[in-house]
Amino acid sequence: MRISESRAKAEGRAQVRPTAEGWKQAMGDDGRPQLQFTAKKRVSQPPVHLADLTLAERADKLKEMGLPGFRAKQLSVHYFQHYTTDPELMSDLPKDRRAEIAEVMFPTLLTEVKRLATDDGKTIKFLWRLFDGSLVESVLMRYSNRITLCISSQCGCGMNCPFCATGQAGLTRNMSTAEILDQIVQANRVIAEGGLGGQKHPEERVGNIVFMGMGEPLANYKRVMNAVHRMVADVPEGLGMSARGITVSTVGLVPAINKLSEEGVPVTFALSLHAPDDELRDEMIPVNSRWKVDEALDAAFNYYVKTGRRVSIEYALIKDMNDHGWRADLLARKLNARGRGWVHVNPIPLNPTPGSVWTASEPDVTAEFIDRLESAGVPTTLRDTRGKEIDGACGQLAAAE
Ligand code: SAH
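Everything in this summary refers to the structure shown in the same document.

Reading guide: rules and limits
Residues numbered from 1 in each chain as written. Predicted model: local features only at pLDDT ≥ 70, side-chain atom pairs only at ≥ 80, totals over all residues. Heavy atoms only, no water. Near = heavy atom within 4 Å. Polar contact = N/O pair within 3.5 Å; in protein donor to acceptor, adjacent residues only side chain to side chain. Areas by Shrake-Rupley, 256 points an atom, 1.4 Å probe, with all protein chains shown as cover. Nonpolar A, V, L, I, M, F, W, Y, C, P; charged D, E, K, R; others polar. Buried < 20%, exposed > 50% of the residue type's maximum accessible area, 1.4 Å probe, protein only. Helix = DSSP H or I, 4+ residues; strand = E, 2+ residues; numbered from the N terminus. Pairing = 2+ DSSP bridges. Right-handed = clockwise from strand over helix to strand, strands pointing away. Contact = heavy atoms within 4.5 Å. Disulfide = S-S within 2.5 Å. Phe/Tyr/Trp six-rings, centres within 6.5 Å; stacked < 30°, edge-to-face > 60°. Lys NZ or Arg CZ within 6 Å of the ring centre and 35° of its normal. Core = buried A, V, L, I, M, F, W, Y, C linked by side-chain atoms within 4.5 Å. Axes fitted to C-alpha atoms, helices over the stretch in contact; angles between N-to-C directions. Parallel < 35°, antiparallel > 145°, perpendicular 65-115°, else oblique. Left-handed = near helix turned anticlockwise from the far one by under 90°.

This part is about the site of the ligand. Around the ligand, the surrounding shell holds 19 residues, and the nearest of these are F163, S249, S272, H274 and N351. Residue E216 places a side-chain N or O atom 3.1 Å away from a nitrogen atom belonging to the ligand. In this structure, an oxygen atom belonging to the ligand sits 2.6 Å away from a side-chain N or O atom of S272. The protein chains hide 95% of the 530 Å² of surface that the ligand would expose on its own. For the shell around the ligand, the residue count by class is eight nonpolar, nine polar and two charged.

Turning next to the pairing of strand β8 (residues 246-250). Extensive coverage of β8 is indicated by the burial of five of its five residues. Neither face of β8 is left uncovered, since the one carrying I246, V248 and T250 and the one carrying T247 and S249 both have all their residues buried. Alignment of strand β7 (residues 208-211) against β8, held across three bridges, turns out to be parallel. Looking at the pairing, F211 lines up with V248 of β8. Where the polypeptide runs from β7 across helix α6 (residues 221-232) and back to β8, its parallel neighbour, the crossover connection is right-handed.

Relative to the helices and strands, D277 is located in the loop between β9 (268-272) and α8 (278-284). For D277, the contacting residues outside a window of four places in its chain are V293, W326, R327 and L330.

Burial of strand β10 (residues 311-317) is extensive: seven of the seven residues sit out of reach of the surface. Across the two faces of β10 the burial is the same, with V311, I313, Y315 and L317 and S312, E314 and A316 all buried. When β9 meets β10, the two strands line up parallel, connected through three bridges. When the bridges of β10 are listed, L271 appears paired with I313. In this structure, β10 lies alongside strand β11 (residues 343-349), joined through seven bridges in parallel fashion. Bridging across to β11, Y315 finds its partner in P347. In this view, the connection linking β10 to its parallel neighbour β11 by way of helix α10 (residues 325-338) has right-handed handedness.

According to the stated counting rule, one finds zero disulfides in the structure shown. Of all cysteine sulfurs, the one in C164 lies closest to C161, which takes part in no disulfide; the gap is 6.4 Å.

The tally for this structure, following the rule as stated, stands at eight aromatic pairs. An aromatic cluster of at least three residues, connected via ring pairs, comprises Y79, F80 and F106. In this structure, R7 packs its charged tip against the face of W326, placed 4.6 Å from the ring centre. The side chain of R386 reaches across the aromatic face of Y143, ending 4.3 Å from its centre.

What follows concerns the nonpolar core. Membership of the largest hydrophobic core comes to 115 residues, with the highest contact counts inside it found for L140, I184, V206, I209, F211 and M231. No other element matches the eight residues that helix α5 (residues 177-192) contributes to this core. Every residue in contact with I184, bar those within four places of it in the chain, is listed here: L149, I151, V206, I209, M231, L239 and M241.

This next bit is on the sheet that holds β9. With respect to topology, nine strands assemble into an open sheet ordered β1-β2-β3-β4-β7-β8-β9-β10-β11, the strand pairing being mixed. Of all strands in the sheet, those bounded by a partner on one side alone are β1 (111-118) and β11. The average undirected angle you get between the axes of adjacent strands in this sheet is 20°.

A word on the packing of α10 against helix α11 (residues 363-375). For the pair α10 and α11, the least separation of the axes is 9 Å and the interaxial angle reads 30°. In terms of orientation, α10 and α11 fall into the roughly parallel class. Crossing angle aside, the handedness with which α10 passes α11 is right-handed. Contact with α10, carried on its side by G325, W326, R327, A328, D329, L331 and A332, involves F369, R372 and L373 of α11 and no other residues of that element. Split into classes, the residues belonging to the contact of α10 with α11 amount to six nonpolar, one polar and three charged.

Here you go:
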């Protein structure tokens, strides 16, 4: 009997194994769930957009068009501060060249295909079509004290986690820096136009970004980091957001986590752990074949040491799969072995995905899981998950029309 089965039995519980149900998980030549770290061959990236460039590069590009460099600043303010790409609204540009400038600097990246709202309009899921027909989603959420946008970083995802809808179709390509950023600018425009429900505040905009939409952000490291740098850069270089309000969530690509801790941008770091033992995590998170639980935790701890930022451990609670008491205890032991005060745990009740027969843990089991972590001194907060009614919650983004 496997270790996890005997431990479950000792608790009077079952041990369900994470096999894909209702759909076929793609398998690699080695007979294991397939991992795609790079985009399919011969995919092209979208045309270069102002947001792909630094302020200096924008000025260079305009100079090539025979325009003075200061136009870069004007165009950047239009985009990052007024969320506009419409040449008609750019009265500070020479009239005869406005259309041409906008065409070069602001090629259309995201075309809205569908907008679904729930929670009295306080949660909106956007479905976007990209220049090559790829579909991605982002989810905008108003809370009492903040507005959060959950953004995508890849078209699809190559990590193939059997409980997440995004991985079911594999990875098509990486999103460009500007495609990543344009999700925020578009959301800010919707907010400014009064399109997000709930109590309005003056001058409000997206303050928190979570890279928890489609894709594995650390598998698209360079473009994602360029986007992050531009989010925190002041207007007109970027959006002038706070790094603390940005959360980068990863399945556990250890070398990239270590690189992230050296970037000098103190973003919030989240590790999608979901199991403290390799026996189970090997089956739940295919990338665990490369980097084991302890290596991922060491990298997360190193992120804390290097940045001083407390890290989050995400843990989707799945009935009879990963929600046993002994797993809560083991997780607490592994976290405490590395130190105190460096981490908190975010359990998330599993959201249903197409074909999946697994369900979220029972409330009493969830409560006990949290209790065990808390009693061991590990701060733990159950994630309030939004947007289930519109398939916009964690793990549900699959982008179909
Ligand atoms: N690839 C990144 C970011 C995208 S997923 C990552 O894995 O972290 C954002 C979070 O939603 C991750 O913690 C992911 O494990 C979780 N998630 C995936 N499927 C889910 C589901 N069906 N229910 C609840 N959370 C899920």
